[in-house]
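Chain by chain, the residues run as shown.
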Amino acid sequence: MLNSRYVEMTNHESVIRKIFMYGKERAAQIGYENVFDYSLGNPSVPAPERFNGAIRDILRTQDDMAVHGYSPVLGISEARQAVAASLNRRFGMHYEEKHIFMTAGAAGAVAHALRAVLEEPGDEIIAFAPYFSEYKPYAEGAGGRLVVVPADTDSFQIHFDALERLMGPKVKAVLVNTPNNPSGVVYSEETLLHLAQILQDKQSEYGHSIYLISDEPYRELVFDGVKAPYVASCYANTFTCYSFSKSMSVPGERIGYVAVNPDSEDAGCAVNVFGQISRETGHNCPPSLMQLAVARCISDTSDLSVYEENKTILYRELTAMGFSCVEPGGTFYMFPRSLEPDDKAFCERAKKYDLLLVPGGGFGCPGHFRIAYCIPTEKVIRSLPAFRMLAEEYLG
Ligand code: PLP
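Undergrad: Hey, could you run me through the state of the cysteines in this one?
TA: Scanning all chains against the criterion turns up zero disulfides. Cysteine C285 is unpaired, with the sulfur of C241 as its nearest cysteine sulfur at 19 Å.

Undergrad: Even after reading the chapter, I still don't get helix α6 (residues 105-117), so can you show me in this structure?
TA: The α-helix advances 3.6 residues per turn, and as a result positions three or four apart in sequence lie on the same side. Taking 1.5 Å of rise per residue, 13 residues should cover 18 Å, and α6 covers 19 Å from first to last C-alpha, within 8% of that figure. Where α6 is concerned, the buried positions are G105, A106, G108, A109, V110, H112, A113, L114 and V117.

Undergrad: Honestly, unusual backbone geometry in this entry has me stumped. Any pointers?
TA: Most peptide bonds adopt trans geometry, and most residues besides glycine take a negative phi value. Between A129 and the following residue, P130, the backbone shows a cis peptide bond with an omega angle of -5°. At the junction of N181 and P182, the peptide bond is cis and its omega measures out at 20° in the coordinates. Residue position: P182 is located in the loop between β5 (171-177) and α9 (189-206). Phi is positive for F156, close to 55°, though the residue is something other than glycine. Here F156 lies in the loop between β4 (145-149) and α8 (160-166). Note on F156: relative accessible area 4%, which makes it buried.

Undergrad: Where do I start with the environment of S204 in this structure?
TA: Topologically, S204 is positioned in helix α9. For the pair S204 and V7, spaced 197 residues apart in sequence, the C-alpha to C-alpha distance is 41 Å.

The rules behind the values
- Residues numbered from 1 in each chain as written.
- Predicted model: local features only at pLDDT ≥ 70, side-chain atom pairs only at ≥ 80, totals over all residues.
- Heavy atoms only, no water.
- Disulfide = S-S within 2.5 Å.
- Helix = DSSP H or I, 4+ residues; strand = E, 2+ residues; numbered from the N terminus.
- Expected span 1.5 Å × (residues − 1).
- Buried < 20%, exposed > 50% of the residue type's maximum accessible area, 1.4 Å probe, protein only.

Here it is as C-alpha cells:
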C-alpha cells in the first residue's frame, strides 16, 4: 500500500500538463503550426551563446571530477560567490558566499525555504491569488497549510485588507512572486513597503519571526519602463528564491539558488539548515556542470525581447477585441478576464479554434485565463483571428 496522500494527488494532475498533452495530440492531427498552444511556461528563445560556450570550455579544460563529481552540499564556491557578487552589484546588498545555497531551480529553492520556516503541524504559509499552482504541493509537502489571499483583480497588486484578516498567529511565512505568474504584474515599491510594514507589525504582535519568501524566476523578464524593486531590500527576514530557467532559457538544467538576506535573524545558520533539509528530501548537490557554467555567465540572459514584443501585440489586440486585462509589466504571461464567469467552459470553447488557454481557477482566481506567450511572434500574429472569433461568440 502506497502513501495515500500521494495516491490521492494522482487524481489531481496538473491542468496545464493536460492541456499541453492535448495540444500534442492535436498537433499530430492538424500540424504543430496550426495549434496555438499558450499553455506552458517553457521559454522559447535559445540559451545565451556564452552559456553554451562556457559549458564547452569547462568540459574541455576542467578536471572530469570537478565537472561530473558531486557538488558540495551547499553548492560550489565559485557559483555561490558569483551569485552574491551579482546581487550586491545590482541591488546594493551585502551577501557573502555563506548566504547563498545552490538548488535545482526555483522549485528546489522554494521547497527548501518553506521547510526551513515550518515547524508545527498546521503552520500556515500565505500566498496571494493569482498564484503559481505548485505552491500548494510545495507547502503541503513541507507540512504546512497554504492560505490564499484573494486577488485584487483591478490591479493584481496585494489585497491588503484581506491579508490583514488572514495573518493569524500560525503564519510562518508569506510567499510572493513578482514579476508574477500568471498575471505578469510586477509589485510596486509601494506594495512591497506596505507588505513589509504589515509583516514587521505582525512579528511584534505574535513574538515570532515571519519570513518573506520571494520567488523570483522572472526577475530579469521586466518590460521597458517598468521598475521592479528588489524584494529583499524592503524586508530583512527575506529568502530570495531564484532560477536561471527563464532568464537563460535552461529549465531542463535545474539550476537556481536561495539567497538569505544577511540582515535576517537567521542569516548565520539558514544556509546550513537548507543543507540538512536536502539530506532529508534527497534533493542535494545540484548539477556541478551547471553551477560552474552559471558562475561564468552570471550577468548573461537570453535575448528576452520577443516576450515584450508578444505582450505588446496581444495586449493591444485583445483589449481592442473587448477583452479586459491588467497590462503585464514583465514575464511571458497575461491573465485576462474570461468572457464568461466559468473560466473552464471558456477555455474549452477556445479549443474549437485550436487556442489552448489555461483556466484561472487553478491559480486561485476563477473568471480569468492565462496566456503563456512564450511562442514565436509570427504564431502570436496568426493566432489573432482565433481570438477574434472566440470574442465574437460572446460579444457579437
Ligand atoms: N515559481 C514560479 C512562479 C514559476 O512560474 C516556476 C516555473 O514555471 C517555478 C517557480 C519553478 O521554476 P524552476 O523550473 O526553476 O524550478
